[in-house]
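Residue-level structural notes
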Amino acid sequence: MKFLDEKILEDGQVVQGNIVKVDSFLNHQVDVGVLKRMAEDSKEYFKDTEINKILTIESSGISIAAVFAMVYNVPFVFAKKSSSLNLDKDKYVTMVKSFTYKTEYPVAVSKRFLDENDKVLIVDDFLAEGNAAYGLIDLCRQAGAEVVGINIAIEKAFQNGGKNLRADGYKLYSQSIIDRFEDGQIIFR
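Residues numbered from 1 in each chain as written. Predicted model: local features only at pLDDT ≥ 70, side-chain atom pairs only at ≥ 80, totals over all residues. Heavy atoms only, no water.

Glancing now at the overall build of the protein chain. A tally of helices and strands in the protein chain yields five helices and ten strands. Taking 16 Å as the expected radius of gyration for a compact globule of 189 residues, we find that the protein chain reaches 16 Å, a close match to that expectation. Counting only C-alpha atoms, the protein chain reaches 50 × 35 × 35 Å along its principal axes. Within the protein chain, the fraction of its 189 residues that count as buried is 47%. Partitioning the intrachain contacts of the protein chain with sequence separation of at least 6 by distance along the chain shows that 62% fall at a separation of at least 24. Put simply, the protein chain shows about 9,600 Å² of open surface, and 47% of that area lies on carbon and sulfur atoms. Taking the 24 positively charged and 28 negatively charged side chains of the protein chain as two groups, their mean positions are separated by 3 Å. (Helix = DSSP H or I, 4+ residues; strand = E, 2+ residues; numbered from the N terminus. Rg over C-alpha atoms; globule rule 2.2 N^0.38 Å. Buried < 20%, exposed > 50% of the residue type's maximum accessible area, 1.4 Å probe, protein only. Contact = heavy atoms within 4.5 Å. Areas by Shrake-Rupley, 256 points an atom, 1.4 Å probe, with all protein chains shown as cover. Lys, Arg positive; Asp, Glu negative; His and termini not counted. Charge placed at Lys NZ, Arg CZ, Asp CG, Glu CD.)

Now for the nonpolar core. Counting residues in each nonpolar core, the largest one holds 33 residues, and the members touching the most others are Leu4, Ile8, Leu26, Ile54 and Ile154. Broken down by secondary-structure element, the contributors of at least two residues to this core are α1 (2-11), α2 (32-45), α3 (60-72), β7 (119-127), β8 (146-156), β9 (172-182) and β10 (185-188). A per-element tally of this core places α3 first, with seven residues. Every residue in contact with Leu4, bar those within four places of it in the chain, is listed here: Phe25, Val34, Met38, Ala153, Ile154, Gln175 and Ser176. Grouped together as the second largest cluster of nonpolar side chains are 26 residues, Ile57, Val96, Val107 and Leu127 included. (Core = buried A, V, L, I, M, F, W, Y, C linked by side-chain atoms within 4.5 Å.)

Next up on the list: the sheet that holds strand β4 (residues 76-79). The strand order across the open sheet built from six strands is β4-β3-β7-β8-β9-β10, with neighbouring strands paired in mixed fashion. With one partner strand each, in any of the chains shown, β4 and β10 form the two edges of the open sheet. Each strand axis lies, on average, 30° off the axis of its neighbour in the sheet, ignoring direction. The pairing of β9 with β10 spans four bridges and is classified as antiparallel. Across the sheet, the residue bridging to Ile178 is Phe188, located in β10. Where α3 meets the sheet, it contacts β3 (53-57), β4, β7, β8 and β9, and its direction lies at approximately 170° from that of β3. (Pairing = 2+ DSSP bridges. Axes fitted to C-alpha atoms, helices over the stretch in contact; angles between N-to-C directions.)

By the secondary structure assignment, Thr94 is in strand β5 (residues 91-98). When its relative accessible area of 11% is taken as the criterion, Thr94 is described as buried. Side chain to side chain, Thr94 and Asp138 meet in a polar contact 2.7 Å long. Leaving out residues up to four positions away in the same chain, Thr94 has contacts with Tyr105, Pro106, Val107, Gly135, Asp138, Leu139 and Gln142. (Polar contact = N/O pair within 3.5 Å; in protein donor to acceptor, adjacent residues only side chain to side chain.)

Bear in mind that shape data such as this cannot, by itself, settle questions of function.
Next up, the structure:
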């Protein structure tokens, strides 16, 4: 998606450790116009795929999933990273390792919101090693739901997540793919 590449170059930042900050429009301050264009592009890509639920992980994926759900006209659900009093006791739980925070944590979805009738599009902001995506896939597996696609805003192709998901047969659409960094600059695929 050339549009997203241009937005990243215009408003993103590369910080130490080859981390791309897109917090001015994607995952802290949110430009819903950008998300709407992403969702419309995604819907065109997955136009021949039956989707009746969108699944993401808190917190950065929530705003993306909300706009995607509006464009797709389906509900979305997000996996919660922490237990709270209002999360059902009857839930699916899996462990996810965070590339960014270098920690592992449980994520959960209530069994009321994910089941064998769901044809799920997983959405998230970044794909590095694929840990969040595989965690969400595991939640779908537990529920008997079918993962029909994965939509990522920004894939870091120099890490293994995208390669592994594709090798495992998942229909993965990354709207921007960073091939590598050179002298602090982003090189897109």
